[in-house]
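Breakdown of the fold
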Amino acid sequence: MTKTNFKDYKLSDEILKSLDMLNYKNPTPVQEKVIPVALENKDILVKSQTGSGKTATFAIPLCEMVDWEENKPQALILTPTRELAIQVKEDVFNVGRFKRIKVAALYGKSSFSHQEKELKQKTHIVVGTPGRTIDHIKEGTFVTDKVKIL
């Protein structure tokens, strides 16, 4: 069955409110195929063109599935560049805004101590570049024991 509206998915009112505010009316083809599978917490590998809605494709299920009560990060999104990490952080924050999802970004050429402070606060999702993410893991500032989604 083709989903023609985000309301056709089992999404919380908060996520639907965010999607409406972002003017996301109908799922893109990649979103139609992936979101239902992701909401079942299944492993997925997706390849899709730039501009096809991939970020929202993973941000929507992530924001839906994280446990707000948990203070430690539950999901890690790796990006190849700091610019993409910043963009993805903003996109995930916007999708999870009304569920009060906290998103931290870890990338080089930015204050390590500022990122460390951000990680000490409630953080649900971490977006990072590989190098800086590894640095935080090695320093013990990014605790990964509750990360279930990569």
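So, a few notes on the structure that sits alongside this text. (Residues numbered from 1 in each chain as written. Predicted model: local features only at pLDDT ≥ 70, side-chain atom pairs only at ≥ 80, totals over all residues. Heavy atoms only, no water.)

With respect to the pairing of strand β2 (residues 103-106)
Every second residue of β2 is oriented toward a common face, with Val103 and Ala105 on one face and Ala104 and Leu106 on the other, all of them buried. As paired elements, β2 and strand β3 (residues 125-128) share 4 bridges and run parallel to each other. Counterpart to alanine 104 in the pairing with β3 is valine 126. (Buried < 20%, exposed > 50% of the residue type's maximum accessible area, 1.4 Å probe, protein only. Helix = DSSP H or I, 4+ residues; strand = E, 2+ residues; numbered from the N terminus. Pairing = 2+ DSSP bridges.)

Regarding the packing of aromatic side chains
When we look at a pair of aromatic rings, we describe it by the centre distance and by the angle of the planes. Under the counting rule described, the total for this entry stands at 1 aromatic pair. Ring geometry for phenylalanine 6 and tyrosine 9: centres 6.3 Å apart, planes at 50°, overall tilted. The lysine or arginine in question, arginine 100, covers the ring of tryptophan 68, its NZ or CZ lying 4.1 Å from the ring centre. (Phe/Tyr/Trp six-rings, centres within 6.5 Å; stacked < 30°, edge-to-face > 60°. Lys NZ or Arg CZ within 6 Å of the ring centre and 35° of its normal.)

Description of the packing of helix α3 (residues 54-65) against helix α4 (residues 82-96)
Packing of α3 against α4 leaves a shortest axis separation of 9 Å and a crossing angle of 50°. Relative to α4, the element α3 lies oblique. Judged by the twist between their axes, the crossing of α3 over α4 is right-handed. The segment α3 lies against α4, with Thr55, Phe58, Ala59, Ile60 and Cys63 engaging Val88, Asp91, Val92, Val95 and Gly96. Classifying every residue of the contact of α3 with α4 by side-chain character gives 7 nonpolar, 2 polar and 1 charged. (Axes fitted to C-alpha atoms, helices over the stretch in contact; angles between N-to-C directions. Parallel < 35°, antiparallel > 145°, perpendicular 65-115°, else oblique. Left-handed = near helix turned anticlockwise from the far one by under 90°. Contact = heavy atoms within 4.5 Å. Nonpolar A, V, L, I, M, F, W, Y, C, P; charged D, E, K, R; others polar.)

Thoughts on unusual backbone geometry
With phi around 65°, asparagine 23 is a residue other than glycine that occupies positive phi space. Within the secondary structure layout, asparagine 23 lies in the loop between α1 (13-21) and α2 (29-39). For arginine 100, which is not glycine, the phi dihedral falls at a positive 60°. Of note, arginine 100 is situated in the loop between α4 and β2. By relative accessible area, which is 48% here, arginine 100 ends up partly exposed.

Section: the side chain of histidine 124
Mapped onto the fold, histidine 124 is located in the loop between α5 (112-120) and β3. With relative accessibility at 0%, the residue histidine 124 sits in the buried group. For histidine 124, the side chain forms a polar contact with the main-chain oxygen of tryptophan 68, separated by 3.0 Å. With near-sequence residues (within four places) excluded, histidine 124 lies in contact with Val66, Asp67, Trp68, Glu70, Pro73, Gln74, Ala75, Arg100, Ile101 and Lys102. (Polar contact = N/O pair within 3.5 Å; in protein donor to acceptor, adjacent residues only side chain to side chain.)

Some remarks on the layout of surface pockets
In this structure, the largest pocket encloses a volume near 900 Å³. What lines the largest pocket is a set of 31 residues, among which Ile44, Lys54, Phe58, Ile77 and Leu150 lie closest to the centre. Put simply, the parts of the chain that give the lining of the largest pocket at least two residues each are α2, α3, β1 (75-78) and α4. With 7 residues, the top contributor of residues to the lining of the largest pocket is α3. When the residues that make up the lining of the largest pocket are grouped by side-chain class, the tally is 17 nonpolar, 10 polar and 4 charged. (1 Å grid on protein atoms, 1.4 Å probe; cavity = no way out; pocket = protein on both sides within 12 Å on 5 of 7 lines; lining within 4 Å. Points joined across faces, edges and corners; volume = space filled by probe spheres on them.)

Examining a nonpolar patch on the surface
Judged by side-chain polarity, Val37, Ile44 and Val46 come together as a nonpolar surface patch covering roughly 190 Å² of accessible area. Structurally, valine 46 is set in the loop between α2 and α3. Take valine 46: its relative accessible area is 34%, and that puts it in the partly exposed class. (Patch = residues over 30% accessible without salt bridge, like charges linked within 9 Å, V, L, I, M, F, W, Y side chains within 5 Å. Areas by Shrake-Rupley, 256 points an atom, 1.4 Å probe, with all protein chains shown as cover. Salt bridge = Lys/Arg side-chain N within 4 Å of Asp/Glu carboxyl O.)

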